[in-house]
Amino acid sequence: MRYIEEYRKPEFQKKIIQYIQKSVNLLKDKINLMEVCGTHTMVIGRYGIRKLMPERINLLSGPGCPVCVTPTSYIDIAIELSKRDDVIITTFGDMMKVPGSYSSLEKERANGGKIIVIYSPYDALEISKKYFDKNIIFLSVGFETTIPSIAQTIKIAKRDGVKNFFILSGNKLIPPALEFLLKEKSSKIDGFICPGHVSVIIGEEPYRFISEKFNIPCVISGFEPFDVLYSIYLILQAIIRKQPKVINEYKRAVKKSGNKKAREIIYEVFDVCDSEWRGIGVIENSGLKLKDKYKEFDVGIKFNIEMKNKEGNKGCLCGKILKGEKTPFDCPLFGKKCNPENPVGPCMVSSEGTCAAYYKYERK
Ligand code: SF4
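Residues numbered from 1 in each chain as written. Predicted model: local features only at pLDDT ≥ 70, side-chain atom pairs only at ≥ 80, totals over all residues. Heavy atoms only, no water.

Draft legend 1. Quick look at the overall build of the protein chain. If you tally the helices and strands in the protein chain, you get 16 helices and eleven strands. Relative to the globule expectation of 21 Å for 364 residues, the C-alpha radius of gyration of the protein chain, 21 Å, shows essentially globular dimensions. Projecting the C-alpha coordinates of the protein chain onto the three principal axes gives extents of approximately 65 × 45 × 40 Å. The contacts in the protein chain between residues at least 6 apart in sequence include a share of 77% that link residues at least 24 apart. Roughly 16600 Å² of accessible area belongs to the protein chain as shown, and the carbon and sulfur atoms make up 50% of that amount. Averaged over its 58 positive side-chain charges, the protein chain has a centre that lies 4 Å from the centre of its 43 negative ones. (Helix = DSSP H or I, 4+ residues; strand = E, 2+ residues; numbered from the N terminus. Rg over C-alpha atoms; globule rule 2.2 N^0.38 Å. Contact = heavy atoms within 4.5 Å. Areas by Shrake-Rupley, 256 points an atom, 1.4 Å probe, with all protein chains shown as cover. Lys, Arg positive; Asp, Glu negative; His and termini not counted. Charge placed at Lys NZ, Arg CZ, Asp CG, Glu CD.)

Next up, the structure:
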């Protein structure tokens, strides 16, 4: 198919659903497929894809929502910094409601905290030029998709000799998280639907270990409902034929080798480090820290801050949901004490969070 309209034709959707239903009869057991990324979770919810699945296919949601995996300690540090007279915090809007251990950025802004919502890291750099007597801190969260623009902004800051722009790095990498889930075996995953936008940057190669080491298939998927349905069909075929491999369903956007230039920019500015994922714990080599050459932009060094692991919010099952061990329906707070107006955990805050998707589209 060449044009996006073709992905939306009802006859194609119906056909692929029939193919899935036929394929399922060839499966021996029930299977668990994990959609890694929050955008896919929303597509699955919005278009009722979960309800269309035969009983033997269980769709689990994974850890691919950057806001959901940002640790409590990160939010607490941002809040503390926002109380300083010499600081302005800049952040993407979906971080505002994320609960820390005692407050959120939104509540702190209402109490006078200096927090500005921006749309790109470059906006933060522009603000630093306007408020040259303040320290402008950008809350740097996101996966491989957003990291190149952050790295590029830091390069520009260095080039321009900006002295009052800093980042609080909470960026994370997707492949180490997938390896962690497969090693942990707490949820039995039979196949991954991999994030198309992350894959635009990293390409196919970083997923190779999934089939070679763990013997399961994964499909890089686009974001039309047809993409998701077709990806499920492709995973089923790979399982039935016992041919675990990396399949690229999203070839119209994802090149086999990804975007080399974007990766060069990332690794010119950042080094890989261990990183804490909210509710999951520390995952080896899953985060990024500034290289020595760019350390002057590290807020941790500027204000001598150390991030300490903290418990998540009491009663919240986000960690288990992000690992595919539970669904939002298992959480006693879901839709009661925890809802989009009053979120208890990050999975209810983010527009791409699993609990928010279930609340909006799948509530019984
Ligand atoms: Fe956490 Fe709320 Fe989801 Fe429960 S419903 S897991 S409290 S975000």
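We are not done yet, so read on.
Draft legend 2. Spatial organisation of the domain arrangement of the protein chain. The domains assigned to the protein chain are domain 1 (1-308) and domain 2 (318-362). Put simply, the middle of domain 1 and the middle of domain 2, counted by C-alpha atoms, are 18 Å apart. Contacts between the two partners involve 30 residues from domain 1, matched on the other side by 23 residues from domain 2. Buried area between domain 1 and domain 2, summed over both chains or domains, comes out near 2200 Å², and the portion from carbon and sulfur atoms is 59%. Joining domain 1 to domain 2, the criterion identifies two salt bridges. In this structure, the salt-bridge partner of Glu184 is Lys323, at a minimum N-O distance of 3.6 Å. For the side of domain 1 that touches domain 2, the secondary structure elements donating two or more residues are helix H2 (38-46), helix H3 (49-52), strand E2 (57-64) and helix H8 (174-184). The element contributing the most residues to the side of domain 1 that touches domain 2 is H2, with seven residues. Here the side of domain 1 that touches domain 2 is built from residues that sort into 14 nonpolar, nine polar and seven charged. (Domains from an automatic or database assignment. Buried area = accessible area lost by both parts, 1.4 Å probe. Salt bridge = Lys/Arg side-chain N within 4 Å of Asp/Glu carboxyl O. Nonpolar A, V, L, I, M, F, W, Y, C, P; charged D, E, K, R; others polar.)

Draft legend 3. Geometry of the nonpolar core. In this structure, Ile137, Ile154, Phe165, Phe192, Tyr207 and Phe270 are the most contacted members of the largest nonpolar core, which totals 96 residues. Two domains each donate at least three residues to this core, and these are domain 1 (1-308) and domain 2 (318-362). When near neighbours in sequence (up to four residues on either side) are disregarded, Ile137 contacts Leu81, Val87, Ile88, Ile89, Thr90, Phe166, Leu168, Val299 and Phe303. Counting 26 residues, the second-largest nonpolar core is a separate cluster that includes Val228, Ile232, Tyr233 and Ile247. (Core = buried A, V, L, I, M, F, W, Y, C linked by side-chain atoms within 4.5 Å. Buried < 20%, exposed > 50% of the residue type's maximum accessible area, 1.4 Å probe, protein only.)

Draft legend 4. Spatial organisation of helix H11 (residues 225-240). Between its first and last C-alpha, H11 extends 23 Å over 16 residues, near the 22 Å set by a 1.5 Å rise per residue. Counting buried positions along H11 yields 13 of 16 residues, so the element is predominantly enclosed. Lys242 sits one or two positions beyond H11 and adopts a positive phi of about 55°. (Expected span 1.5 Å × (residues − 1).)

Draft legend 5. Fine view of the site of the ligand. Around the ligand sit Cys316, Leu317, Cys318, Ile321, Cys331, Leu333, Phe334, Cys338, Val344, Gly345, Met348 and Cys355, and those are all the residues in its vicinity. Classifying every residue of the shell around the ligand gives eleven nonpolar, one polar and no charged. (Near = heavy atom within 4 Å.)

Draft legend 6. Inspection of the pattern of salt bridges at higher detail. One pass over the full model with this rule turns up 18 salt bridges. The closest approach of N and O atoms between Arg50 and Glu362, which form a salt bridge, is 2.9 Å. Here Arg50, found in helix H3, pairs with Glu362, found in helix H16 (residues 354-362); they are 312 residues apart in sequence, far enough to count as distant. Residue Arg50 shares its accessibility class with Glu362, and that shared class is buried. Between Lys129 and Asp160 there is a salt bridge, with its nearest N and O atoms 3.4 Å apart. Remark: Asp160 occurs in the loop between helix H7 (147-159) and strand E6 (165-169) and Lys129 occurs in helix H6 (residues 121-130); sequence separation between them is 31 residues.

Draft legend 7. Molecular detail of the environment of Leu81. Note that Leu81 resides in helix H4 (residues 72-82). In sequence terms Leu81 and Val299 are 218 residues apart; their C-alpha atoms lie 9.7 Å from each other. Residues contacting Leu81, with those up to four places away along its chain left out, are Val87, Ile89, Ile137, Val299, Phe303 and Ile305.

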